[in-house]
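Notes for the structure review
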Amino acid sequence: MEQLVTSPDNPAPARSRTPHQLLQSAEQQTPGAPRRSRRMRRTMAVTALFAAGALALTACGGDASAGGNDDGKNGQAGADAAAKKDASDAKIKVSSKDGATDASINDTGVKVTGGKLTDVKLTAADTGTEVAGAISPDGSSWKPGAQLERGTKYKIVANAKDSKGRPATENATFTTVSSANSFIGSYTPDNGKTVGVGMPVSFNFDKAITNKKDVQSHITVSSSSGQQVVGHWFGAQRLDFRPEDYWKAGSKVTMKIDLDGVKGGQGITGVQSKTVSFTIGRSQVSTVDMNTQTMTVKRDGQTLKRVPISGGSPDHPTYNGQMVISEKFEQTRMDGSTVGFGGEYDIKDVPHAMRLSSSGTFLHGNYWGNPSIFGNSGTSHGCVGLRDNKGGGGDTPAKWFYNESLVGDVVIVKNSHDKTVQPDNGLNGWNLSWSDWKSGSAV
């Protein structure tokens, strides 16, 4: 048999062989070669075949220098490094976290470091209504121009640039704390008012407060007079503050409300954050003596005037005690049915009326009574009446006293046959001793 010899000069015919053919070829022996067992020859042939296949597979995969055996990690790392190098130095932070459902209605804002804000847009997510706001002069922050609504979903988009002009953007969608899960306190007096020496600071909360200590400790009331001011709880929804004695005339009182985020009880959080200040005017304290049916008005300790009055009748006496004027009306309607007197009276144009209690005690003008009653007899259903004209015109005692009075002035009633007014019936906490007042504090 002629043996086929291959060499670079005598290449084998270019044809593909199957593994079976390769195996048969390997089993053929060259003449003169030692004989080997069929099994060994087959094993060597298969081993050679597998080695050739492994080399082929390695060649198809590429070498390590081409990045083929790291699944592209080195290439991605290079891309990440390049992106990091080009990233803006401006870092934007939105105070309300993305996805929050109890965001503050007061403290929502944007801050940036390493750059300046270029524009910020805050919108109500459901309506698209934009909330106006302003970027600070140095470009480091942005705040909305008004308090946000409770229980509302908002979307904010903030853009900034660093010193190299590279941009940065931050987005957040959040929902402010709902009305059901928050509490708020309406308070008196209002910011900037001038009030009488008896005016307490009074909060009425829209939810029952069980965490009284934390709530009270986040409301501070101080006076330029240096007077100690203490809070007192009336139930779970009202908190009043006052000093031991009446405020000093001319002093300034400052109230800091820091309730935003404060837990008032199970499932309710405060949403208020503001500072309020008001001024104490001159000292005016008026004393009504039911024995003489006369009111003595004192201004800064000096008697200003004595005014004849007509207080409560024997059947409907006026409360005793220290009462504070809480509201003033040039004219108002007084309907006995609203305070438990049925249809006994309904006067639609009572002039110069000043409220002394929540239950309906007023000091007011009286144009329907005979002038002889003033200074002589009590005829009212518990109010203190001063002579007046219908419509409130003319020079009358009622008009004079109305014009000379401030909300917060004190009116003391004595020698009545009725009990002392309850301290929470109006702004009348002065009827508690200082020790009893302090015992109602939670701090």
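A short tour of the structure in this document, coming up. Note that the structure is a prediction, hence the values are computed from the model and not measured. (Residues numbered from 1 in each chain as written. Predicted model: local features only at pLDDT ≥ 70, side-chain atom pairs only at ≥ 80, totals over all residues. Heavy atoms only, no water.)

1. Details of the overall build of the protein
From N to C terminus, the protein includes six helices and 28 strands. Scored against the burial criterion, the 443 residues of the protein give a buried share of 40%. The contacts in the protein between residues at least 6 apart in sequence include a share of 63% that link residues at least 24 apart. (Helix = DSSP H or I, 4+ residues; strand = E, 2+ residues; numbered from the N terminus. Buried < 20%, exposed > 50% of the residue type's maximum accessible area, 1.4 Å probe, protein only. Contact = heavy atoms within 4.5 Å.)

2. Looking at the pattern of salt bridges
Counted according to the given criterion, the structure contains twelve salt bridges. Measuring nitrogen to oxygen at the nearest pair gives 2.7 Å for the salt bridge that ties Lys390 to Asp349. In this pair, Lys390 is assigned in the loop between strand 27 (384-387) and helix 5 (397-404) and Asp349 in strand 25 (residues 346-355), connecting sequence segments 41 residues apart. The class for Asp349 is buried, based on a relative accessible area of 14%. (Salt bridge = Lys/Arg side-chain N within 4 Å of Asp/Glu carboxyl O.)

3. Describing the packing of aromatic side chains
The tally for this structure, following the rule as stated, stands at nine aromatic pairs. Considering the side-chain rings of Phe205 and Trp233, the 5.9 Å spacing of their centres and the 25° angle between planes classify their relative orientation as stacked. Residue Phe205 is found in strand 12 (residues 201-205), and its partner Trp233 is found in strand 14 (residues 229-234); the two are separated by 28 residues along the sequence. Assigned by exposure class, Phe205 and Trp233 land together as buried. Lying over the aromatic face of Trp437, Arg242 brings its terminal NZ or CZ to 4.6 Å of the ring centre. Lying over the aromatic face of Tyr402, Lys328 brings its terminal NZ or CZ to 4.3 Å of the ring centre. (Phe/Tyr/Trp six-rings, centres within 6.5 Å; stacked < 30°, edge-to-face > 60°. Lys NZ or Arg CZ within 6 Å of the ring centre and 35° of its normal.)

4. Section: the layout of surface pockets
One number sums up the size of the second largest pocket: a volume of about 320 Å³. Thr188, Met199, Ser326, Glu327 and Leu427 are the residues nearest the centre of the second largest pocket, which is lined by 19 residues in total. Taken together, the elements giving at least two residues each to the lining of the second largest pocket come down to strand 10 (185-188), strand 11 (194-195) and strand 12. (1 Å grid on protein atoms, 1.4 Å probe; cavity = no way out; pocket = protein on both sides within 12 Å on 5 of 7 lines; lining within 4 Å. Points joined across faces, edges and corners; volume = space filled by probe spheres on them.)

5. Quick notes on the sheet that holds strand 13 (residues 219-223)
On the basis of which strands lie adjacent, the open sheet formed by four strands has the order 11-19-16-13 and mixed pairing. The sheet is open, and its two edges are formed by strand 11 and strand 13, each paired on a single side. Note: strand 13 against strand 16 (residues 252-258), five bridges, orientation antiparallel. The residue bridging Thr220 from the neighbouring strand is Lys256, located in strand 16. (Pairing = 2+ DSSP bridges.)

6. Observations concerning the nonpolar core
Membership of the largest hydrophobic core comes to 31 residues, with the highest contact counts inside it found for Phe203, Phe205, Val215, Ile219, Val221, Phe241 and Met255. Listed by contribution, the elements that provide at least two residues to this core are strand 12, strand 13, strand 14, strand 15 (238-243), strand 16 and strand 19 (273-280). Leave out the neighbours within four places in its chain, and Phe205 touches Phe183, Ile184, Gly185, Val215, Ile219, Trp233, Gln237, Leu239 and Leu259. Counting residues in each nonpolar core, the second largest holds 24 residues, with Ala90, Val131, Ala160 and Val177 among its members. (Core = buried A, V, L, I, M, F, W, Y, C linked by side-chain atoms within 4.5 Å.)

7. Side note on the side chain of Thr176
Considering the arrangement of structural elements, one finds Thr176 in the loop between strand 8 (167-175) and strand 9 (182-183). With a relative accessible area of 1%, Thr176 lands in the buried category. Leave out the neighbours within four places in its chain, and Thr176 touches Thr101, Asp102, Ala103, Ser104, Ile105, Leu148, Glu149, Arg150, Gly151, Thr152 and Tyr154.

8. Remarks on the environment of Val195
Mapping Val195 onto the fold places it in strand 11. Residue classification places Val195 among the buried positions, given a relative accessible area of 3%. Sequence separation between Val195 and Ser405 is 210 residues; the distance between their C-alpha atoms is 9.4 Å.

9. So, the sheet that holds strand 8
Here we have four strands laid out as an open sheet, ordered 4-3-7-8, and antiparallel in their pairing. Looking at the sheet topology across the chains shown, the edges are occupied by strand 4 (130-131) and strand 8. As paired elements, strand 3 (residues 116-124) and strand 4 share two bridges and run antiparallel to each other. Each bridged residue has a counterpart across the sheet, and for Thr123 the counterpart in strand 4 is Glu130.

10. Looking at the environment of Glu130
Counting through the fold element by element, Glu130 comes out in strand 4. As a C-alpha pair, Glu130 and Tyr154 span 24 residues in sequence and 9.5 Å in three-dimensional space. Look past the residues within four positions of Glu130 in its chain and what remains in contact with it is Lys121, Leu122 and Thr123.

11. Quick notes on the pairing of strand 26 (residues 362-366)
With respect to burial, strand 26 is a largely interior element, five of its five residues being buried. In the sheet, strand 25 pairs with strand 26 via two bridges, with the strands oriented antiparallel. Residue pairing across strands places Met354 opposite Leu363, the latter belonging to strand 26. Once strand 25 ends, the chain turns through six residues before running back antiparallel as strand 26, passing Gly360 with a positive phi of about 115°.

In short, geometric facts, not functional conclusions.
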